[in-house]
Amino acid sequence: MAGDTPSRQISGKCFVVRDNIDTDQIIPAEYLTLVPSKPDEYEKLGSYAMAGLPPHYGQFMEPGKSKTKYSIIIAGSNFGCGSSREHAPVALGASGIQVVVAESYARIFFRNSVATGEMYPVECEARICDEFHNGDDVTVDMERDVVVNHSTGKEYALKPLGDAAPVIEAGGIFAYARQTGMIPSAA
Amino acid sequence: MLHSSYFSVNARPMSRRSSTISAVMAPPQQQRAPASTGAVKHAMTLTEKILARASEKTKLVPGENVWVNADVLMTHDVCGPGTIGIFKKEFGANAKVWDREKIVIIPDHYIFTADERANRNVDILRDFSKEQSIKYFYDITDRSDFRANPDYKGVCHVALAQEGHCRPGEVLFGTDSHTCTAGAFGQFATGIGNTDAGFIMGTGKILLKVPGTLRFVLDGEMPSYLLAKDLILQIIGEITVSGATYKSMEFVGTAVERMTVSSFSPYLIEIVHLISRSELTQMEDRMTLCNMAIEAGGKNGVVPADEVTYSYLKGKTEKEFESVYSDAGATFIQEYRIDVSKLEPVVAKPHSPDKRVLARDCKDVKIDRVYIGSCTGGKTEDFVAAAKLLNKAGQKVKVPTFLVPATQKVWVDLYAMPLPEADGKTCAQIFEEAGCDTPASPSCAACLGGPKDTYARMNEPKVCVSTTNRNFPGRMGHKEAQIYLASPYTAAASALTGFVSDCRDFL
């Protein structure tokens, strides 16, 4: 259930993590009783996004809030590994994250991000999690396929999302399937 | 690297490895007319063949996106409600599922809890199953006594196998990452999210990218102190938690064909019992292997079907099935050859399933508890292994030892199955004599933490040796708790010493 469908040029503050951030860290299992397709529980999921992270990464969400001040996550390799829980990309999207730029993704997490249209899972081959810091001003430009760190002035190439981009833009697999005539409109 | 001489990597990249994550969804392509003359047989791996048949194509190559027909869709109490919500939203409040006999709904994750939302989620499954006349819904209504619920099974992946829903050559999707367990039956089985599952619920198909295959040839005589869990931890430690991302893991070799560890008693009268136990052991060992394919990032794990598979399935399913096998000339991304006779018991240290260390190198690690359970290590033969070690040792455990049978059937086996290798004692008797906790209600329980009142949840920063599948921070509850993933033998040995231990000290 995507809220605002993210645009292809996203600017905002970034939050930085490293390798193998698994789904238990993104959304601890105790919150999985929340059903993402129910609007009020969707919002609550957002408030718990990244609640499983060890404290050395810093504070992702201010206590009592359900939207984070960060719109971009910068990560290392294998982001989203572990469970198939769709609550993971949903929690990130619900929290206000519009795009993750990681070295690589676990496949189910990547697939769920595209299917839900909640956030863009973009790849960058450079090890940017070593060069970005929490709060840096960043632009992720999926037209030019670059990510710019305005706080350091450096620019890095992104791998194109290819066919996954229009699916996310449409709002996920169902919206896209309707747009392209694969399935009829909802009854 | 300790085992380099036993674990030779045949680095023969035989096809170009794609590192670009491109389309997962695309509009359907026009069907190409089949070649009319001189068609050369296209060699395919087991996984490729299953997906070819399921997508009604004569041939496939890795990297292709194809629409695949599902034979079975499984969901549980954590992801089912979300999947149902999406299904109704996208197909309509009055829409009917694509096939009421191909959906299997198994409450198993948060069952024995006072958490109201968790309980509500099981109600949602029940309402939907009634409305749609779902044939296979393993309901629980009386949480105070699991035995009062004749339909209730327990952990979905073990229940799927026990109830005959896993069949060679088929395609099984589940809203759970450990759905790959079913690959032990020679089928394609993988985990998906709610949205993909909602899509399948309405259409019976999903778009998939065909994975290339990593082949693991496990040969040699399996030492008596090693279990399948040691083998898969060995492999994950070798290739890392992302080593099999977007790939199929195919497990073959003499050790896989004959995964039997029980030493046979000479008593003739028990031979028949032992033969059927042998098949159970082998299938459950294969399930353990495939179960943790996801921990290496694998898309699916698979073991080719054989007589052991067919024997296990006898009486469990009426459906016809057709096994497929990798062609002799099939292309694998990489092949790994492992001589199991040279391996030693291993654990995965906190906080990653690929932090492989020899158990004997961790003897100074003091532990607070042991947990034996989950789809990975809570099957009948997992408990038999632990019980055998405890019985041989004849000592009491030094730390709280939690036992969670995966399903009702496993629970019954613990109490009803005499072990010839333990003078006919049952597992339950042995566990009681050793001072373990009473076997708990079958469910996923503390493997993934769960609601705060979940049995055996780690609510404090303690150290646990566990037969489960993941040890990332916070996995079993507390963010600073430490989890050592291990085989049932290693877990039992560690319970006896109060330290991470090598099971050879007791076997």
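Residues numbered from 1 in each chain as written. Chains lettered and ligands numbered in written order. Predicted model: local features only at pLDDT ≥ 70, side-chain atom pairs only at ≥ 80, totals over all residues. Heavy atoms only, no water.

Student: Help me understand the pairing of strand β10 (residues 247-252) of chain B, please; the structure alone is not making it clear to me.
Tutor: Every regular strand shows the same layout, with side chains that alternate between the two sheet faces. All names here are of chain B. The element β10 is largely enclosed, with a buried count of six among its six residues. The alternating pattern of β10 places Lys247, Met249 and Phe251 on one face and Ser248, Glu250 and Val252 on the opposite face, and all of these are buried. Tracing the backbone out of strand β9 (residues 212-219), into helix α6 (residues 228-239) and back to the parallel element β10 gives a crossover that is right-handed. Of the strand pairs in this sheet, β10 and strand β11 (residues 300-302) are connected by three bridges, and their pairing is parallel. Note on β11: the bridge partner recorded for Met249 is Gly301. (Buried < 20%, exposed > 50% of the residue type's maximum accessible area, 1.4 Å probe, protein only. Helix = DSSP H or I, 4+ residues; strand = E, 2+ residues; numbered from the N terminus. Right-handed = clockwise from strand over helix to strand, strands pointing away. Pairing = 2+ DSSP bridges.)

Student: Any chance you could explain the UniProt feature "domain: Aconitase A/isopropylmalate dehydratase small subunit swivel" (unreviewed entry) in chain A here in plain terms?
Tutor: Feature annotation in UniProt assigns "domain: Aconitase A/isopropylmalate dehydratase small subunit swivel" (unreviewed entry) to the following positions: residues 66-122 of chain A. End-to-end, the C-alpha atoms of residues 66-122 of chain A are 24 Å apart, and along that stretch the chain is 33% helix and 18% strand. (UniProt positions renumbered as here; feature names shortened; annotations may be inferred.)

Student: Teacher, can you tell me more about empty space enclosed by the protein here?
Tutor: Any empty space left between atoms is shown by rolling a water-sized probe over those atoms. Residue and element names in this part refer to chain B. This structure, assessed with the given rule, holds five cavities of 30 Å³ or more. Reported here for the largest cavity is a volume of approximately 220 Å³. Around the largest cavity, the lining is made up of 24 residues, and of these His109, Asp176, His178, Leu448 and Arg475 lie nearest the centre. Of all the secondary structure elements, the ones that give two or more residues to the lining of the largest cavity are α4 (156-162) and α10 (374-377). Looking at the lining of the largest cavity residue by residue, the class counts come to nine nonpolar, 10 polar and five charged. Built from parts of two domains, the lining of the largest cavity gets at least three residues from each of domain 1 (46-261 + 281-340) and domain 2 (348-505). (1 Å grid on protein atoms, 1.4 Å probe; cavity = no way out; pocket = protein on both sides within 12 Å on 5 of 7 lines; lining within 4 Å. Points joined across faces, edges and corners; volume = space filled by probe spheres on them. Nonpolar A, V, L, I, M, F, W, Y, C, P; charged D, E, K, R; others polar. Domains from an automatic or database assignment.)

Student: Just to check I follow, could you spell out the interface of chain A and chain B for this structure?
Tutor: Frequently, the measure chosen for interface size is the accessible area removed from exposure when the parts meet. If you look at the interface, chain A gives 49 residues, while chain B gives 61 residues. Here chain A and chain B share an interface that buries about 4,500 Å² over both sides, 59% of which is from carbon and sulfur atoms. Interface area lost by chain A to chain B is led by A:Arg107, A:Arg111 and A:Phe174, which between them contribute 18%. Here chain A is connected to chain B by six salt bridges. With a shortest N-O distance of 2.9 Å, A:Asp24 and B:Arg475 are connected by a salt bridge. Where chain A meets chain B, there are 21 residue pairs in polar contact (both at pLDDT 80 or more). Elements supplying a minimum of two residues to the side of chain A that touches chain B: α1 (23-26), α4 (107-116), α5 (164-170) and α6 (173-179) of chain A. Tallying contributions element by element places α4(A) first for the side of chain A that touches chain B, with eight residues. Classifying every residue of the side of chain A that touches chain B gives 24 nonpolar, 12 polar and 13 charged. (Contact = heavy atoms within 4.5 Å. Buried area = accessible area lost by both parts, 1.4 Å probe. Salt bridge = Lys/Arg side-chain N within 4 Å of Asp/Glu carboxyl O. Polar contact = N/O pair within 3.5 Å; in protein donor to acceptor, adjacent residues only side chain to side chain.)

Student: Would you mind going over the pattern of salt bridges with me for this structure?
Tutor: Opposite charge on two side chains permits pairing when their charged atoms draw close. Summed over all chains, the structure comprises 48 salt bridges over all chains. Taking the shortest distance from any N to any O, the salt bridge between A:Arg144 and A:Asp141 comes out at 3.6 Å. B:Asp413 is the partner of B:Lys409 in a salt bridge, and the nearest nitrogen-oxygen pair spans 3.6 Å. You can see B:Lys409 and its partner B:Asp413 sitting in helix α12 (residues 408-416), four residues apart, about one turn around the helix. Judged by its relative accessible area of 12%, B:Asp413 falls in the buried class.

Student: Teacher, can you tell me more about the environment of A:Ile128 here?
Tutor: Residue and element names in this part refer to chain A. Take Ile128: it is sitting in the loop between β4 (120-123) and β5 (137-141). For Ile128, a relative accessible area of 1% translates into the label buried. Distance from Ile128 to Glu103, taken between C-alpha atoms, is 8.1 Å for residues 25 residues apart in sequence. Residues within four places of Ile128 in sequence aside, it is in contact with Ile74, Val101, Val147 and Tyr156.

Student: Before we go on, may I ask you to explain the environment of A:Phe79 in this structure?
Tutor: All names here are of chain A. If you trace the backbone, Phe79 turns up in the loop between β2 (72-74) and α3 (87-95). Residue Phe79 is classed as buried on the basis of its relative accessible area of 0%. C-alpha of Phe79 to C-alpha of Val101: the two residues are 22 residues apart in sequence and 9.4 Å apart in space. Sequence-distant contacts of Phe79, that is, excluding residues within four places in its chain, are made with Val17, Ile21, Ile26, Met50, Ile73, Leu92, Val100, Ala102, Ser104, Tyr105, Ala106 and Phe109.

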